[in-house]
Amino acid sequence: MSDLEQLTQALARNLKKFRGERGLTLDALAARAGVSRGMIIQIEQARTNPSVGTTVKLADALGVSITTLLDHEPGPQVHVVLPGQGVRMWSTDGGSASDMLLGDDRRGPLEMWTYRLEPGEGTDSDPHPAGTVEMMHVTAGELTLLVDGERYAVPAGGAVSFEANAPHAYRNDGPVPMEMTMAVSIPPVGRP
């Protein structure tokens, strides 16, 4: 089984499991996540590989990290992720990419990501649930962060944190690749 097939199967199984544990109908999850009922059915039947945005919306609506939603086997108390073993969430032909490294749901979803944005590239993010905080440490180049229309420049060696319940985007407006590590803390979601 390919990595993509394994990921699709894990997402199908875990989405169905967490939806059931939370007592959510297909319609209730669709309304909570802003994802169509038909798309959720296709995902639960492992007939589609949804976009990162759709996966984030479903994870947020269920109150779990993306890592937990995509986890194909329960992990131990100590989870070491070796170079190249993160889950590739998106990439471009130009070389930009984002990898989910770690996630933990013990005190509300917490995720760790790496990003690489080539010059002139970027990615947008929909607002997350209220109380979600993102923290980034730029290790190369310069991050241009847009939060609710405001622009912030974060150079290599710098860090930034913000409440992510507004539209936001990550851009590389500079001449060299931008690399950063990002942590996302999402508040726990109670049962409906």
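This is a predicted model, so every value here is computed, not measured.

Reading the values: rules and limits
Residues numbered from 1 in each chain as written. Predicted model: local features only at pLDDT ≥ 70, side-chain atom pairs only at ≥ 80, totals over all residues. Heavy atoms only, no water. Salt bridge = Lys/Arg side-chain N within 4 Å of Asp/Glu carboxyl O. Helix = DSSP H or I, 4+ residues; strand = E, 2+ residues; numbered from the N terminus. Buried < 20%, exposed > 50% of the residue type's maximum accessible area, 1.4 Å probe, protein only. Pairing = 2+ DSSP bridges. Contact = heavy atoms within 4.5 Å.

A word on the pattern of salt bridges. Summed over the entire model, instances satisfying the criterion amount to 9 salt bridges. Arg-19 serves as the salt-bridge partner of Glu-44, at 2.7 Å between the closest nitrogen and oxygen. Here Glu-44, found in helix H3 (residues 37-44), pairs with Arg-19, found in helix H1 (residues 3-21); they are 25 residues apart in sequence, far enough to count as distant. The buried category is assigned to Glu-44, whose relative accessible area is 9%. What makes Arg-19 buried here is its relative accessible area of 15%.

With that out of the way, let us pick up the pairing of strand E5 (residues 133-140). Pairing analysis gives 5 bridges linking E5 to strand E8 (residues 159-163), with the strands arranged antiparallel. The residue bridging Val-133 from the neighbouring strand is Glu-163, located in E8. Summarising the sheet, E5 and strand E10 (residues 178-185) pair through 7 bridges and their orientation is antiparallel. Within the sheet, the bridge partner assigned to Val-133 lies in E10 and is Ser-185.

Residues that lie three or four places apart on an α-helix share one face, since the helix turns once every 3.6 residues. Across the 11 residues that make up helix H4 (residues 52-62), a large majority, 8, are buried. Of the positions making up H4, those classed as buried are Thr-54, Thr-55, Val-56, Leu-58, Ala-59, Asp-60, Ala-61 and Leu-62. Where H4 is buried, its residues contact H1, helix H2 (26-33), H3 and helix H5 (66-70). After H4 finishes, the residue Gly-63 shows a positive phi value of roughly 75°.

This paragraph deals with the pairing of E10. As defined by bridge partners, strand E3 (residues 110-117) adjoins E10 across 8 bridges and the pair is classed as antiparallel. Its bridge partner being in E10, Leu-110 is matched across the sheet by Ser-185.

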